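What follows is each chain in one-letter form.
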2 protein chains.
Amino acid sequence: MDQQVTDGRLRRGDQTRRVVLGRAVDVASVDGLDGLSIGRLAGELDISKSGLIAHFGTKEELQLATIRAARAIFVTTVIQPALAHPPGNERLRTLLEGWLAYSSDRRFPGGCFFARASHEYAARPGAVRDALAQVDEEWVRLIAETVAQAQEAGEIEPSVDPAQLAFDLTAFLDAANLRSLLGDDSVYERAYRSMRDRLESVALS
Amino acid sequence: MDQQVTDGRLRRGDQTRRVVLGRAVDVASVDGLDGLSIGRLAGELDISKSGLIAHFGTKEELQLATIRAARAIFVTTVIQPALAHPPGNERLRTLLEGWLAYSSDRRFPGGCFFARASHEYAARPGAVRDALAQVDEEWVRLIAETVAQAQEAGEIEPSVDPAQLAFDLTAFLDAANLRSLLGDDSVYERAYRSMRDRLESVALS
DNA sequence: AAACAATACGAACGATCGTACTATTTGTTT
DNA sequence: AAACAAATAGTACGATCGTTCGTATTGTTT
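Everything quoted here is computed from the prediction, not taken from an experiment.

*Asks:* Sorry if this is basic, but what is going on with the interface of chain B and chain A here?
*Replies:* Facing 36 residues of chain B, the contacting portion of chain A comprises 36 residues. Carbon and sulfur atoms supply 59% of the area buried between chain B and chain A, which totals about 3400 Å² over both sides. At the junction of chain B with chain A, the criterion picks out eight salt bridges. Here Asp31 of chain B makes a salt bridge to Arg124 of chain A, at a shortest N to O gap of 3.2 Å.

Shown next as C-alpha cells:
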C-alpha cells in the first residue's frame with residue numbers, strides 16, 4: 001500500500017509504527033482496546049510514552065490504527081489465501097476453514113481480535129465502534145458474496161438466501177472462537193461439522 | 001435465597017447492595033467489567049467510594065457479585081418463564097425466543113451481559129473468567145438437555161446430537177445479539193428464521 | 001559545515017484508579 | 001441511657017492514566 005520510502009528518518013518511523021502496532025494487536029486481542037494503555041505498551045517495547053504516542057496523536061487514533069493493522073493481518077491470514085481458489089464452493093470452504101485455523105492457531109493470543117474488540121465497543125458509539133462494525137460487515141458480506149458466486153456456479157441451491165447462509169456460517173465461527181477460549185476443547189470440531197452439514201444441506205452438485 | 005432480614009442495619013446494607021448491583025450490571029453490559037470503576041459507580045449513585053466498596057471488599061469481588069446479579073436477572077427473564085412450559089420442543093422454543101427478546105429488548109442496555117463480559121475475560125485467567133465460563137456452560141447445557149427431553153418426547157430425531165444442536169442454536173443467538181448492536185436491524189429476524197429452520201430440519205412430529 | 005526535518009526522550013501535568021484507615025452516623029441490644 | 005454493631009462517609013495514599021511541552025538525537029539537504 002505504502003510506496004517504498006528511501007528517507008531513513010521516515011523509514012525509522014515506519015519501523016517503529018510497525019513494531020508498536022504488532023504488539024498492540026496482540027495486547028488488544030487479550031485485554032481489549034481499552035486495556036491497550038500507552039504506558040504499558042511503551043514499557044513492554046522499551047520506548048518512551050511520548051515517543052510512542054507521537055506517532056498516533058491520541059489514544060483513539062492508536063486504537064484505530066490497531067484495528068487497521070489487525071484487519072491487514074486478517075486479510076493476509078484468511079482472505080488472501082482463499083482468493084487463490086476459484087470462486088464458489090471451494091473458495092467458500094477455504095475461507096471458513098481458514099477462519100477456524102486463524103482462531104484455533106491463535107494468530108492473535110486472545111483469539112479473534114475482532115470478536116474481542118467488537119463486543120467491547122458494540123454498545124459504545126464513536127469512531128472505534130464504527131470502524132469495527134465496518135470490518136464485521138465487510139467480512140459477512142464477503143461470505144455472502146462467495147455464497148452467491150457458488151450459486152452462479154450451480155453448486156448451491158438458487159433458492160438459498162446468501163445473507164441468511166452467511167449469517168449461519170459466521171455464527172458458527174464466532175461461537176467456536178469464544179467457547180474455545182472459555183475452555184471447551186471440542187468446539188472447533190463442532191463448528192466444522194455444523195458448517196459442513198449446513199453446506200451439504202444446500203449443495204447441488 | 002436469603003432469609004428474611006429483620007435487622008434494619010442489615011436491611012439497609014442489603015438495599016444498598018441491591019442498588020449498586022442493579023446499576024453495576026447495566027454499566028458493565030456497556031463498558032465491561034473493567035469499565036465498572038468504583039469511583040464512577042459511587043458518583044452515579046451519590047454514595048461514597050469507601051461506603052460502596054465496603055460491601056464487596058475488592059473490585060474483583062464486586063465483579064463476581066455483578067456476574068451473580070446478572071445471572072439472577074437472566075434466570076428470571078429467560079429461564080423461569082420457559083420452565084412453566086412442558087419439557088421438549090415447546091420449552092425449547094420458549095427458551096430461544098425468550099433469549100432473543102432478552103437481547104432485543106435490551107434487558108441490559110449493552111445487549112447480553114454475558115456476551116459482553118465473556119469476550120472481555122475469555123483470554124484472561126482468573127476467578128472472573130471462571131465464573132463467566134461456568135454461566136456460559138450452564139446455559140448451553142440447559143439447551144442441550146432440553147433438546148434431549150424433546151427427543152425423549154419423540155419430537156426430535158433421536159439421531160441428533162443434543163450438544164451439536166445446542167451449539168448451533170446458541171450460536172445464532174449470540175450472532176444476532178452482536179450484530180444488532182453493530183447496527184444490523186434485520187438480524188433478529190434472521191436468527192429466528194435460522195433457529196426455526198434448524199429445528200424443523202430435525203423435527204419428528 | 002550549516003540549516004533543516006523527523007524521530008525519540010524526559011519530565012511534568014491533572015485526573016482517575018483501587019485500596020486502606022479513621023471517624024461518624026444509624027440502628028439494635030442490654 | 002449505655003454499650004455495641006453495622007453501614008456510611010471522609011481523607012489520603014501510591015500507581016497509572018492520557019496528554020503536553022521543551023529538548024536531544026538521528027538523518028537529510030543545501
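What follows continues from the structure just given.
*Asks:* Whenever I open this one, the protein's contact with DNA strand D confuses me. Can you help?
*Replies:* Taken together, 22 residues surround DNA strand D, and among them Ser37 and Lys59 of chain A together with Thr16, Ser50 and His55 of chain B come closest. Of everything in DNA strand D that lies within 4 Å of the protein, sugar and phosphate atoms constitute 61%. A distance of 3.0 Å separates a phosphate oxygen of DNA strand D from a polar atom in the backbone of Gly8 of chain A. Here a base nitrogen of DNA strand D and a side-chain polar atom of Lys49 of chain A are 3.2 Å apart. Breaking the surface near DNA strand D down by element, the ones donating at least two residues are helix 1 (8–35), helix 2 (38–45) and helix 3 (49–53) of chain A together with helix 1 (8–35) and helix 3 (49–53) of chain B. Here the surface near DNA strand D gets four residues from one element, more than from any other, and that element is helix 1 of chain B.

*Asks:* Is there a simple way to explain the pattern of salt bridges in this structure?
*Replies:* Where charged atoms of side chains with opposite charge meet at close range, the side chains can pair. Residue and element names in this part refer to chain A. A full pass over the atoms with the stated rule returns 30 salt bridges over all chains. In this structure, Glu44 and Arg40 form a salt bridge, with 3.0 Å as the shortest nitrogen-oxygen distance. In this pair, Glu44 and Arg40 both sit in helix 2, four residues apart, roughly one turn of the helix. Look at Glu44 and you get partly exposed, because its relative accessible area is 34%. Note that Glu138 and Arg71 form a salt bridge whose closest N and O atoms lie 3.0 Å from each other.

*Asks:* Whenever I open this one, the nonpolar core confuses me. Can you help?
*Replies:* One recurring pattern in soluble globular proteins is that nonpolar side chains are buried together. Phe113 of chain A together with Phe113 of chain B are the most contacted members of the largest nonpolar core, which totals 131 residues. Among the elements that line this core, the one with the most residues is helix 4 (residues 59–83) of chain B, at 12 residues. Beyond its immediate chain neighbours, meaning those up to four positions away, Phe113 of chain B contacts Val25, Ala28, Ser29, Leu33, Thr66, Ile67, Ala70, Tyr102 and Phe108 of chain B.

*Asks:* Whenever I open this one, the environment of Pro162 of chain B confuses me. Can you help?
*Replies:* Note on placement: Pro162 of chain B falls in helix 8 (residues 162–181). Separated by 19 residues in sequence, Pro162 of chain B and Ile143 of chain B place their C-alpha atoms 8.1 Å apart.

*Asks:* Before we go on, may I ask you to explain the packing of helix 1 of chain B against helix 6 (residues 113–121) of chain B in this structure?
*Replies:* Two quantities define a packed helix pair, namely the angle between the helix axes and the distance between the axes. All names here are of chain B. For the pair helix 1 and helix 6, the least separation of the axes is 8 Å and the interaxial angle reads 20°. On the basis of the axis angle, helix 1 is roughly parallel to helix 6. Like other packed secondary-structure pairs, helix 1 and helix 6 cross with a definite hand, here left-handed. In this structure, helix 1 uses Val25, Ala28, Ser29, Val30, Asp31, Gly32, Leu33 and Asp34 to contact helix 6, whose residues at the interface are Phe113, Arg116, Ala117, Glu120 and Tyr121. Here the contact of helix 1 with helix 6 is composed, by residue class, of seven nonpolar, two polar and four charged.

*Asks:* Before we go on, may I ask you to explain the packing of aromatic side chains in this structure?
*Replies:* Both the distance between ring centres and the angle between the ring planes are used here to describe each pair of aromatic rings. Scanning the model with the defined rule gives 17 aromatic pairs over all chains in all. With 5.7 Å between their ring centres and 40° between their planes, Phe172 of chain A and Phe172 of chain B make a pair best called tilted. With one member in each of two chains, Phe172 of chain A in helix 8 (residues 162–181) and Phe172 of chain B in helix 8 form a pair that bridges those chains. Accessibility assignment for this pair places Phe172 of chain A and Phe172 of chain B in one class, buried.

*Asks:* I keep staring at the packing of helix 8 of chain A against helix 8 of chain B and nothing clicks. Help me out?
*Replies:* At a minimum axis separation of 8 Å, helix 8 of chain A and helix 8 of chain B run at an interaxial angle of 100°. In terms of orientation, helix 8 of chain A and helix 8 of chain B fall into the roughly perpendicular class. Contact with helix 8 of chain A, carried on its side by Phe167, Asp168, Thr170, Ala171, Phe172, Asp174, Ala175, Ala176 and Arg179 of chain A, involves Phe167, Asp168, Thr170, Ala171, Phe172, Asp174, Ala175, Ala176 and Arg179 of chain B of helix 8 of chain B and no other residues of that element. Grouping the constituent residues of the contact of helix 8 of chain A with helix 8 of chain B by class yields 10 nonpolar, two polar and six charged.

*Asks:* Sorry, what's going on with the protein's contact with DNA strand C here?
*Replies:* In the vicinity of DNA strand C there are 21 residues, among which Thr16, Ser50 and His55 of chain A together with Ser37 and Lys59 of chain B approach most closely. When atoms of DNA strand C within 4 Å of the protein are sorted by moiety, sugar and phosphate together comprise 64%. With respect to DNA strand C, the side chain of Arg9 of chain A contributes an N or O atom lying 3.1 Å from a base nitrogen. Between DNA strand C and the protein, one listed contact pairs a phosphate oxygen with a backbone N or O atom of Ile38 of chain B at 3.0 Å. Where the surface near DNA strand C is concerned, the elements lending two or more residues are helix 1 and helix 3 of chain A together with helix 1, helix 2 (38–45) and helix 3 of chain B. Broken down by element, the residue count for the surface near DNA strand C peaks at four residues, all from helix 1 of chain A.

*Asks:* Could you clarify how one ought to interpret unusual backbone geometry in this entry?
*Replies:* Where the residue is not glycine, phi is negative for most of them; where a peptide bond is considered, it is trans in most cases. Although it is not a glycine, Asp46 of chain A adopts a positive phi angle of roughly 55°. Tracing the backbone through its elements, the reader meets Asp46 of chain A in the loop between helix 2 and helix 3. With a phi angle near 55°, Arg106 of chain B is a residue other than glycine that sits in the positive phi range. For Arg106 of chain B, the position within the fold is in the loop between helix 5 (89–104) and helix 6.

*Asks:* Just checking my understanding: could you explain the relation of the copies chain B and chain A for this structure?
*Replies:* One copy of the chain maps onto the other through a rotation about an axis plus a displacement along that axis. Turning chain B through 180° and shifting it by 0.0 Å along the axis lays it on chain A, with an RMSD of 0.0 Å. Taken together, the rotation and translation relating the two chain copies correspond to the operation of a two-fold axis. For chain B, the minimum C-alpha distance to the rotation axis belongs to Ala171 of chain B and amounts to 2.6 Å. Most of the interface of chain B is mirrored in chain A, where 100% of its interface residues are also at the interface.

Reading guide: rules and limits
- Residues numbered from 1 in each chain as written.
- Chains lettered and ligands numbered in written order.
- Predicted model: local features only at pLDDT ≥ 70, side-chain atom pairs only at ≥ 80, totals over all residues.
- Heavy atoms only, no water.
- Contact = heavy atoms within 4.5 Å.
- Buried area = accessible area lost by both parts, 1.4 Å probe.
- Salt bridge = Lys/Arg side-chain N within 4 Å of Asp/Glu carboxyl O.
- Near = heavy atom within 4 Å.
- Polar contact = N/O pair within 3.5 Å; in protein donor to acceptor, adjacent residues only side chain to side chain.
- Helix = DSSP H or I, 4+ residues; strand = E, 2+ residues; numbered from the N terminus.
- Buried < 20%, exposed > 50% of the residue type's maximum accessible area, 1.4 Å probe, protein only.
- Core = buried A, V, L, I, M, F, W, Y, C linked by side-chain atoms within 4.5 Å.
- Axes fitted to C-alpha atoms, helices over the stretch in contact; angles between N-to-C directions.
- Parallel < 35°, antiparallel > 145°, perpendicular 65-115°, else oblique.
- Left-handed = near helix turned anticlockwise from the far one by under 90°.
- Nonpolar A, V, L, I, M, F, W, Y, C, P; charged D, E, K, R; others polar.
- Phe/Tyr/Trp six-rings, centres within 6.5 Å; stacked < 30°, edge-to-face > 60°.
- Least-squares fit on C-alpha atoms with pLDDT ≥ 70 in both.

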